[in-house]
Amino acid sequence: MTEPLRIGVAGLGTVGASLVRLLAQNGNALAHRCGRPVRVVAVSARDKSRDRGIDLSGIEWFDDPVAMAKSANVECVVELMGGADGKAKDTVEAALAAGKSVVTANKALLAKHGNALAALAETTGAQLNFEAAVAGGIPAIKTMRESLAGNRVERVAGILNGTCNYILSRMELEGLPFEAVLADAQRLGYAEADPTFDVGGFDTAHKLAILASLAFGTAIDADAVYVEGIASIAPLDLRMADELGYRIKLLGVAERTATGIEQRVHPTMVPKTSAIAQVMGVTNAVSILAEPVGELTLVGPGAGGNATASSVLSDIGDIARGTRLPAYGVAARDLEATEQAPMQRHEGGYYIRLSVLDRPGAAASIATRMAERQISLESIVQRKPPQATGQKASGPVPVVLITYATTEAAIRDALDAVMADGHIAEPPQLIRIER
Ligand code: NAP
Ligand code: HSE
């Protein structure tokens with residue numbers, strides 16, 4: 001009988017507890033498929049007394065995950081604590097330095113230290129696997145690293161954060177307020193320990209930086225990602241998007257352009273009839289455009305204990321099988337520096353919502369500022385401001401402009417001029433359009 005792979009699990013929260021439960025339930029099937037049993041021999045979390053609904057009898061407990069990583073009884077470390085630094089980094093480094101393979105779901109850690117960790121793993125002959133770090137249960141990493149190894153990737157894009165897609169979906173379909181839906185996402189185990197990472201777009205940026213490395217053979221460079229989150233999306237924007245035939249999604253996009261590699265995360269208006277617009281709730285989608293395969297799109301659950309643990313199990317299975325691959329598809333020393341395309345050169349259509357003061361000439365002046373910069377308007381929609389029945393409208397009027405393709409530099413310059421003219425009551429809302 002083959003000796004079991006002895007794993008130590010650091011972190012027994014949403015993902016860690018699901019992993020231990022699934023290994024107890026499906027461990028035999030995994031052993032059958034990868035030709036070697038997998039046994040949890042050690043665990044670590046902060047609070048030993050907490051009931052996690054899992055059976056930990058016969059498993060060694062460590063208060064300190066770094067001590068667990070160094071334990072002679074642990075062969076492979078599964079890091080499910082989270083955080084870019086601190087114990088997560090120390091634990092992963094201790095394991096890799098000792099030549100022990102690591103499985104992690106921690107995209108924040110990889111976005112910040114992924115290059116150094118991959119180099120360390122290669123030095124000691126350890127494997128670093130992280131399928132669960134991007135798009136939860138979707139096998140996006142394996143697809144990019146292995147299945148598309150013979151392709152040249154031009155673009156990788158998608159909905160990479162379950163929490164944000166869940167929030168936008170329920171705000172749009174049920175008219176619920178942002179805070180209430182975020183609280184539900186936290187209760188369901190979708191959100192990060194600090195949900196600012198989700199709603200601020202940073203979690204999507206971490207995942208996009210990892211995908212970009214795999215796509216373009218570049219070192220991870222999370223600082224090169226332009227990031228906007230969803231906190232500024234108002235119910236009025238969702239209603240206007242619906243009326244104009246769009247849906248708002250938080251997209252991450254990394255693509256080769258004439259000016260370098262563009263990496264951007266921002267709320268995006270997508271046509272309601274497009275495939276990406278149909279991706280609702282906690283579901284994620286990763287779309288890859290590559291030569292010679294063409295475009296392929298993977299859709300599935302992007303967050304949650306079981307979906308994420310499914311990806312962790314796949315990584316553990318690969319380690320039990322003895323599969324050895326460079327973390328980002330090519331050796332860490334061969335990863336190139338990212339040639340970053342400036343966001344100001346981005347080209348596309350824009351949705352602009354202005355809160356216009358009700359004065360003669362205001363609308364004409366806004367149109368002039370756009371025309372001066374060769375920005376063509378596809379449509380202009382003016383809404384009545386909220387008012388008491390029978391009373392004359394007063395206060396600012398919402399005006400929405402949809403532009404044809406222009407550059408980020410031109411639109412920013414035009415909006416600066418509109419603000420300087422003093423016709424608007426608050427900073428403009430700007431949402432990019434992907435058609
Ligand atoms: P979580 O529910 O907050 O669980 C974190 C676990 O880590 C807890 O068990 C906690 O212990 C333990 N922990 C934290 N600091 C520790 C320390 N210093 N020493 C020992 N244990 C420590 O987090 P999660 O949602 O499972 O996420 C875990 C990781 O997976 C994160 O990197 C996250 O980004 C990633 N991820 C999560 C999802 C998801 O849907 N939740 C999906 C993909 C990836 P206590 O329980 O005792 O407090
Ligand atoms: N907080 C993350 C999300 C977890 O909502 O997508 C999965 O990475």
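Residues numbered from 1 in each chain as written. Chains lettered and ligands numbered in written order. Predicted model: local features only at pLDDT ≥ 70, side-chain atom pairs only at ≥ 80, totals over all residues. Heavy atoms only, no water.

Asks: Could you clarify how one ought to interpret the side chain of Thr-91 in this entry?
Replies: Note on placement: Thr-91 falls in helix α3 (residues 86-97). Here Lys-87 takes part through its backbone oxygen, which lies 2.6 Å from a polar atom of the side chain of Thr-91. Excluding residues that lie within four positions of it along the chain, Thr-91 makes contacts with Ala-10, Pro-65, Val-66, Ala-69, Val-77 and Met-81. (Helix = DSSP H or I, 4+ residues; strand = E, 2+ residues; numbered from the N terminus. Polar contact = N/O pair within 3.5 Å; in protein donor to acceptor, adjacent residues only side chain to side chain. Contact = heavy atoms within 4.5 Å.)

Asks: Where do I start with the environment of Ala-126 in this structure?
Replies: Here Ala-126 is to be found in the loop between α4 (107-124) and β6 (128-129). Placed 31 residues apart in sequence, Ala-126 and Ala-95 show a C-alpha to C-alpha distance of 8.7 Å. With residues up to four places along the chain from it excluded, the contact list for Ala-126 reads Leu-96, Gly-99, Lys-100, Ser-101 and Ala-121.

Asks: Just to check I follow, could you spell out helix α11 (residues 305-321) for this structure?
Replies: Given 3.6 residues per turn, any residue in an α-helix points the same way as the ones three and four places further on. Along its 17 residues, α11 runs 24 Å from first to last C-alpha, staying within 8% of the 24 Å computed at 1.5 Å per residue. The buried fraction of α11 is high, at 13 of 17 residues. Gly-322 occupies a position one or two residues after α11 and carries a positive phi of about 90°. (Expected span 1.5 Å × (residues − 1). Buried < 20%, exposed > 50% of the residue type's maximum accessible area, 1.4 Å probe, protein only.)

Asks: Even after reading the chapter, I still don't get the pattern of salt bridges, so can you show me in this structure?
Replies: Tallying each qualifying case throughout the model produces 34 salt bridges. Between Lys-207 and Asp-203 there is a salt bridge, with the nearest N and O atoms lying 2.6 Å from each other. A residue pair is termed a helical-turn pair when its members lie 3 or 4 positions apart in one helix, as Lys-207 and Asp-203 do in helix α9 (residues 202-216) at 4 residues. With a shortest N-O distance of 2.5 Å, Arg-264 and Glu-262 are connected by a salt bridge. Here the salt bridges share partners, and the residues they tie into one network are Lys-142, Arg-145, Glu-146, Asp-318 and Arg-321. (Salt bridge = Lys/Arg side-chain N within 4 Å of Asp/Glu carboxyl O.)

Asks: Looking at this model, I keep getting lost on the packing of helix α12 (residues 362-372) against helix α13 (residues 408-421). Mind explaining?
Replies: Axis angle and axis distance: for two packed helices, these are the angle between their axes and the distance between the axes, and together they describe the pair. For the pair α12 and α13, interaxial distance at closest approach is 9 Å and the crossing angle is 150°. On the basis of their axis angle, the class for α12 and α13 is roughly antiparallel. Read as a crossing pair, α12 and α13 show a hand that is right-handed. In contact with Ser-365, Ile-366, Arg-369 and Met-370 of α12, α13 contributes Ile-411, Ala-414, Leu-415, Ala-417, Val-418 and Asp-421. When grouped by side-chain class, the residues that make up the contact of α12 with α13 number 7 nonpolar, 1 polar and 2 charged. (Axes fitted to C-alpha atoms, helices over the stretch in contact; angles between N-to-C directions. Parallel < 35°, antiparallel > 145°, perpendicular 65-115°, else oblique. Left-handed = near helix turned anticlockwise from the far one by under 90°. Nonpolar A, V, L, I, M, F, W, Y, C, P; charged D, E, K, R; others polar.)

Asks: I tried to follow the site of ligand 2 on my own but got confused; where do I start?
Replies: Lys-107, Asn-161, Gly-162, Thr-163, Tyr-190, Ala-191, Glu-192, Asp-198, Asp-203, Lys-207, Gly-302 and Ala-303 make up every residue found near ligand 2. A distance of 3.5 Å separates an oxygen atom of ligand 2 from a polar atom in the side chain of Asn-161. At 2.7 Å from a nitrogen atom of ligand 2 is found a main-chain nitrogen or oxygen belonging to Tyr-190. (Near = heavy atom within 4 Å.)

Asks: Looking at this model, I keep getting lost on the packing of helix α6 (residues 162-174) against helix α7 (residues 178-187). Mind explaining?
Replies: Closest axis-to-axis distance for the α6/α7 pair is 9 Å, and the angle between their directions is 135°. By the criterion of interaxial angle, the relationship of α6 to α7 is oblique. The handedness of the crossing between α6 and α7 is right-handed. Across from Thr-163, Tyr-166, Ile-167, Arg-170 and Met-171 in α6, the residues of α7 making contact are Phe-178, Val-181, Leu-182, Asp-184 and Ala-185. For the contact of α6 with α7, the residue count by class is 7 nonpolar, 1 polar and 2 charged.

Asks: I tried to follow the domain arrangement of the chain on my own but got confused; where do I start?
Replies: Interfaces are often sized by the accessible area lost when the parts come together. According to the domain assignment, the chain contains domain 1 (5-133), domain 2 (145-301) and domain 3 (345-433). For domain 1 versus domain 3, the separation of C-alpha centres amounts to 51 Å. (Domains from an automatic or database assignment.)

Asks: Looking at this model, I keep getting lost on α4. Mind explaining?
Replies: With 18 residues, α4 extends just 22 Å between its outermost C-alpha atoms, more than 12% less than the 26 Å of an ideal straight helix rising 1.5 Å per residue. Approximately 85° is the largest bend angle found in α4, and it occurs at His-113. Every buried residue belonging to α4 is among Lys-107, Ala-108, Leu-109, Leu-110, Ala-111, His-113, Gly-114, Leu-117, Ala-118 and Ala-121, and all of these are buried. Its buried side turned inward, α4 meets β4 (76-79), α3, β5 (101-104), β6 and α9. Its side-chain oxygen placed 3.3 Å from the backbone nitrogen of Ala-108, Asn-106 serves as the N-cap of α4. At the exit of α4 stands Gly-125, carrying a positive phi of roughly 80°. (Bend = angle between axes of the 7 residues up to and from the residue.)

Asks: Looking at this structure, I do not really get the site of ligand 1. What am I missing?
Replies: Around ligand 1, a shell composed of 25 residues is seen, among which Leu-12, Asp-47, Arg-52, Glu-192 and Gly-304 lie nearest. Between Gly-189 and ligand 1, the recorded distance is 3.0 Å, taken from a backbone N or O atom to a nitrogen atom. Within the contact set of ligand 1, an oxygen atom lies 2.6 Å away from a backbone nitrogen or oxygen of Gly-304. Coverage of ligand 1 by the protein amounts to 86% of the 900 Å² it exposes when considered alone. Looking at the shell around ligand 1, its residues break down into 9 nonpolar, 9 polar and 7 charged. (Areas by Shrake-Rupley, 256 points an atom, 1.4 Å probe, with all protein chains shown as cover.)

Asks: Quick question: what am I supposed to make of unusual backbone geometry here?
Replies: Note: most residues except glycine have negative phi, and most peptide bonds are trans. Following Glu-291, the chain continues into Pro-292 via a peptide bond in cis, with omega recorded as 10°. Looking at the secondary structure, you find Pro-292 in the loop between β11 (283-291) and β12 (294-301). Phi is positive for Ala-135, which is not a glycine, with a value near 60°. Considering the arrangement of structural elements, one finds Ala-135 in the loop between β6 and α5 (140-147).

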